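Analysis of the macromolecular model
Given next are the chains, with one letter for each unit.
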Amino acid sequence: MIHELRIYHCMPGRLPDLLKRFETVTLGLWDKHGIRQAGFWTTLVGESNLDLTYLLAWESLAERESKWTAFQSDPEWLAKRAETEKNGQIVASISNQMLLPTTFSAVR
């Protein structure tokens, strides 16, 4: 199992819009494409309270490439993302890492 750590750094004041988009749009499309989330977090204490951090679970990098590419090119996603950004950009930047659990990790 591979986990993808993604951090969305939002434009000021736009984190609520990003959270709403995930809850009402993105998660349903992820289900359609077989993308599995392992958790979502906002920052209570840390560098920025404008961030959304989440983990995705993948069986392999090949699975990630196939499913993520299909999601990113889905016409419904492209239309709904554009609609949610009609009042301006939501995400300033995205950081991501592919994580491989250690042999002693509770998460495998």
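Reading the values: the criteria
Residues numbered from 1 in each chain as written. Predicted model: local features only at pLDDT ≥ 70, side-chain atom pairs only at ≥ 80, totals over all residues. Heavy atoms only, no water. Axes fitted to C-alpha atoms, helices over the stretch in contact; angles between N-to-C directions. Helix = DSSP H or I, 4+ residues; strand = E, 2+ residues; numbered from the N terminus. Parallel < 35°, antiparallel > 145°, perpendicular 65-115°, else oblique. Contact = heavy atoms within 4.5 Å. Buried < 20%, exposed > 50% of the residue type's maximum accessible area, 1.4 Å probe, protein only. Pairing = 2+ DSSP bridges. Core = buried A, V, L, I, M, F, W, Y, C linked by side-chain atoms within 4.5 Å.

What follows deals with the packing of helix α1 (residues 15–33) against helix α3 (residues 75–84). Packing of α1 against α3 brings their axes to within 11 Å, and their N-to-C directions diverge by 170°. Considering their axes alone, α1 and α3 lie roughly antiparallel with respect to each other. Within the contact between the two elements, α1 uses R21, V25, T26, L29 and K32 and α3 uses E76, W77, K80, R81 and T84.

Turning our eyes to something else, we now look at the environment of A57. Residue position: A57 is located in strand β3 (residues 51–58). Once residues lying within four places of it in the same chain are set aside, the contact partners of A57 are M1, I2, H3 and R36.

We now examine the pairing of β3. Of all eight residues in β3, eight are buried, a share of seventy percent or more. In β3, alternate side chains face the same way, and those of D51, T53, L55 and A57 on one face and L52, Y54, L56 and W58 on the other are all buried. Note: strand β1 (residues 2–10) against β3, eight bridges, orientation antiparallel. Across the sheet, I7 pairs through a bridge with T53, a residue of β3. Here strand β2 (residues 36–42) runs beside β3; their pairing, made up of six bridges, is antiparallel. Bridge assignment links W41 to a residue of β3, and that residue is T53.

To continue, consider the nonpolar core. Soluble globular proteins tend to pack their nonpolar side chains together in the buried interior. Residues Y8, L18, W30, Y54 and W68 are the most contacted members of the largest nonpolar core, which totals 19 residues. Sorting the residues of this core by element identifies β1, α1, β3 and α2 (61–72) as the ones contributing at least two each. At six residues, α1 tops the list of elements feeding residues into this core. With near-sequence residues (within four places) excluded, W68 lies in contact with R6, Y8, W30, I35, Y54, L56 and W58.

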